[in-house]
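Here's the letter readout for the chains.
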Amino acid sequence: MKQVFSIPESLAPRLTHYCPGCTHGIIHRLIAEAVDELGVRERTIGIAPVGCSVLAYDYFQFDMQQAAHGRAPAVATGIKRVLPDAVVFTYQGDGDLASIGTAEIVHAAMRSEKITVVFVNNAIYGMTGGQMAPTTLVNQKTTTSPYGRRESHAGKPIRVSEMLATIPGAAYIARVALNSPANVGRAKRAIKKAFEVQLAGLGFAMVECLSTCPTNWGMAPHEAMKWLEANMIPYFPLGEFRTAEGVASNG
Amino acid sequence: MAERKLFKGNEAVAEAAVRAGCRFFFGYPITPQNEIPEYMSRRLPEVGGVFLQAESEVAAINMVYGAAGAGARVMTSSSSPGISLKQEGLSYIAGAELPCLVVNMVRGGPGLGGIQPAQSDYFQAVKGGGHGDYHLIVFGPASVQEMVDLVMGSFDIAEKYRTPVMILGDGIIGQMMEPVEFPEPLPGPFPKGDWVTDGARGRAPRVINSLSLHADKLFERNLRIAARFEEAKKNEVRVETIACEDADVVLVAYGTTARICKSVVDRARAEGIRAGLVRPISLSPFPEKTIFDLAARKPVFLAVEMSQGQMVEDVRLSVNGRADVRFYGTSGGVIPSASAILDKVRELARSEVRA
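What you see is a predicted model, and the numbers here were worked out from it, not measured in a lab.

Visitor: I'm lost on the overall build of chain A in this one. Help?
Guide: The number of helices and strands found in chain A is nine helices and seven strands. Here the C-alpha radius of gyration of chain A, 17 Å, is about what a compact globule of 251 residues would show, namely 18 Å. Dimensions along the principal axes, computed over C-alpha positions, put chain A at roughly 50 × 50 × 35 Å. Across the 251 residues of chain A, 58% fall into the buried class.

Visitor: Teacher, can you tell me more about the nonpolar core here?
Guide: The tendency in soluble globular proteins is for nonpolar side chains to be buried as a group. Of all hydrophobic cores here, the largest spans 86 residues; its most connected members are Leu 164, Phe 204 and Met 206 of chain A together with Phe 26, Met 166, Phe 301 and Val 315 of chain B. Here this core gets eight residues from one element, more than from any other, and that element is helix H3 (residues 57-69) of chain B. Apart from the residues lying within four places of it in its own chain, the contact partners of Met 166 of chain B are Ile 83, Leu 90, Val 102, Asn 104, Ala 125, Leu 136, Ile 137, Val 138 and Phe 139 of chain B. If you look at the next biggest cluster of nonpolar residues, it comprises 40 residues, including Ala 56, Tyr 57, Ala 174 and Val 197 of chain A.

Visitor: Would you explain the sheet that holds strand S10 (residues 239-242) of chain B in this entry?
Guide: Pairing between the strands of a sheet comes from backbone hydrogen bonds, and it takes one of two forms, parallel or antiparallel. Residue and element names in this part refer to chain B. Within the open sheet, the five strands sit side by side as S10-S12-S11-S14-S15. Their pairing is mixed. A single partner strand is all that each edge strand has here, and the edge strands are S10 and strand S15 (325-329). On average, adjacent strands in this sheet sit at an angle of 20° to one another, irrespective of strand direction. Of the pairings in the sheet, the one linking strand S14 (residues 300-305) to S15 comprises five bridges and is parallel in character. Among the inter-strand pairings, Ala 303 is bridged to a residue of S15, identified as Phe 327. Sheet strands in contact with helix H10 (residues 288-295) are S10, strand S11 (249-252), strand S12 (275-280) and S14, and its direction is about 145° off that of S14.

Visitor: Sorry, what's going on with the interface of chain A and chain B here?
Guide: Accessible area lost when the parts come together is the quantity often used to give the size of an interface. The partner chain B presents 34 residues to the 30 residues of chain A that form the contact. Note on chain A versus chain B: buried area summed over both sides is about 2,600 Å², and carbon and sulfur give 60% of it. When residues of chain A are sorted by the area they lose upon contact with chain B, Glu 42, Asp 63 and Gln 65 of chain A head the list and together hold 22% of the total. Applying the counting rule to chain A against chain B returns three salt bridges. Of the charged contacts in the structure, one is a salt bridge between Arg 71 of chain A and Glu 88 of chain B, with a shortest N-O distance of 3.0 Å. One can count 16 residue pairs in polar contact (both at pLDDT 80 or more) joining chain A with chain B.

Visitor: Would you take a moment to explain the pattern of salt bridges for this structure?
Guide: It is possible for side chains of opposite charge to pair when their charged atoms get near one another. Residues and elements named next belong to chain B. Tallying each qualifying case throughout the model produces 42 salt bridges over all chains. We note a salt bridge from Glu 11 to Arg 42, for which the minimum N-O separation is 3.6 Å. Of this pair, Glu 11 sits in helix H1 (residues 9-19) while Arg 42 sits in helix H2 (residues 35-46), and the two are 31 residues apart along the sequence. For Arg 42, a relative accessible area of 48% corresponds to the partly exposed category.

The rules behind the values
- Think of each chain on its own: its residues are numbered from 1, step by step along the sequence as written.
- For this description, chains carry letters from A and ligands carry numbers from 1, given in the order in which they are written.
- Only residues with pLDDT of 70 or above have their local features reported here, since the model is predicted, and side-chain atom pairs are shown and tallied only from 80 upward, although totals for entire chains, interfaces and linings are computed over all residues.
- Heavy atoms throughout the structure, all of them, feed into the side-chain values; hydrogens and water do not.
- Numbered from the N terminus, helices here are DSSP runs of H or I no shorter than four residues, and strands are runs of E no shorter than two.
- As defined in this context, the radius of gyration uses C-alpha atoms, and a globule is described by 2.2 Å times the residue total to the power 0.38.
- Here's how the labels work: a residue is buried when its accessible area is under 20% of the maximum for its type, exposed when over 50%, partly exposed in between, all with a 1.4 Å probe on protein chains only.
- Joining through side-chain atoms within 4.5 Å is the link that ties buried Ala, Val, Leu, Ile, Met, Phe, Trp, Tyr and Cys residues into a set, and such a set is a nonpolar core.
- We call two residues contacting when some pair of their heavy atoms lies within 4.5 Å.
- We treat two strands as partners when DSSP finds at least two bridges between them.
- Angles here are taken between N-to-C directions and fall from 0 to 180 degrees, while the axes themselves are lines fitted to C-alpha atoms, restricted in helices to the stretch in contact.
- Two parts placed together each lose some accessible area under a 1.4 Å probe, and adding up what both lose gives the buried area.
- Any carboxyl oxygen of Asp or Glu that lies within 4 Å of a side-chain nitrogen of Lys or Arg is treated as forming a salt bridge with it.
- Counting of polar contacts relies on pairs of N or O atoms within 3.5 Å, with two restrictions inside protein: one atom must be capable of donating a hydrogen and the other of accepting it, and residues adjacent in sequence are counted only when both atoms are side-chain atoms.

Spelled out as structure tokens, the structure:
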């Protein structure tokens, strides 16, 4: 019988701890597929974040370093400068990248650090129990915005992709969503391209992945997917925000 | 015979690190240690290394973490407020059991403080500094030559005990110029630990991490870190004693303050006062036994520091009730004068404080 589907070599064959309906598992798989297809598993070094995906190193079959909250781009910089031929990527949530680690991500892009960043934006702090994130939508209720995020009090959610796209050192910036099979396909192509940009030495690459948090949003998984589409995508539009010279557009 | 050169302390640290095999430096400017990154920015490209000015001390120490995990000899340097910012990263590096060199040219604090020399980061350096259960190995050199010699050995020590090593200097030792002889560069390549994450070629994947969600596993790791420090206590204690055999007053001082105290001992002896000096070179592990043994004769100990009294606590712990321990210190960047310390020695020699 012809095998048409299997676990990628870069993905550990074990169950994850993620909640039902959360897209971390999908994004892990897309990364593992991209690494396998590019044939770089044995020179890939991933940086695991703080937050729900802190245990990412348990699910991948390549070397990994865990980093303090927000500091993954700095840790990746240290690794990449020592091992220029390594394929280095960070995996960061919105609390990690868009709040405590804004300085590190901006300056890694500014230096055109040849790393790949996978940024998972689910508009809430997951692991600490559903507090407000910098990406929490206006009027969205969280445990620290119980009346809904008020713009006059907490400002508007930060659009990280648009911000980083203004930085000359950024070679590839894209935003994708994991809410439908078609969008998962687009996410896969973007993630693979972000690794190809690194392999070609073109500079900093980031893919922002709009994700769900059914547990902390208080929704069933299928409702969470609908909520993402109805509420997140209008504020966080999908697409490629920067494709520097030498980077082919997805079209 | 190696050539003796006149070198500024900060630049000597940097040159020694290069000769010890350091090829990566990540830092952020702060007075009074800027000659270290400046020197590295010129020197490292000459030897195929990388100097990178980070966006902050926080980023710099995390770059060190990544580079150390990738198997490099790597260092950073800063001064007090900058070292405070590096403490988060230092705790992670200690937790992940990674080696590196950190230089702190201490200035007066707390807060932004000033830019004059101080020793008020002693607690932060030797008691952990960041969160969690760990100790750094810390050396307090008293001359540019000693700083060079300590830096030359520090990477081996860091790798042996899988811990950050800190050189605790101060604004004077960083800024002063002295003749110095550099040892020949250490021959590389340096062995890479079997924990380095440099790509899982033909081997199982590795993880560098300080997270341990199971309390018993974390306890196990902390016991392992503590055991290595106990081993360092056996092998890495360094101390100089001067004229302590018959001393009635034993000064205890490190770094710049110890240099002043040496002249105090000479002047006291010239007056017929039996004074001596214990100069801890390793501040962590602290030379407890030397001080404990000296305490058997029941001299008066006088800890002298450019702080409001920090190392004195380790002197008191080492004496362990066997003799009286006094303190004299200046703070905020004020350098203690030999005359003021000598007055204190005279007073102690006259008094009946001996236990």
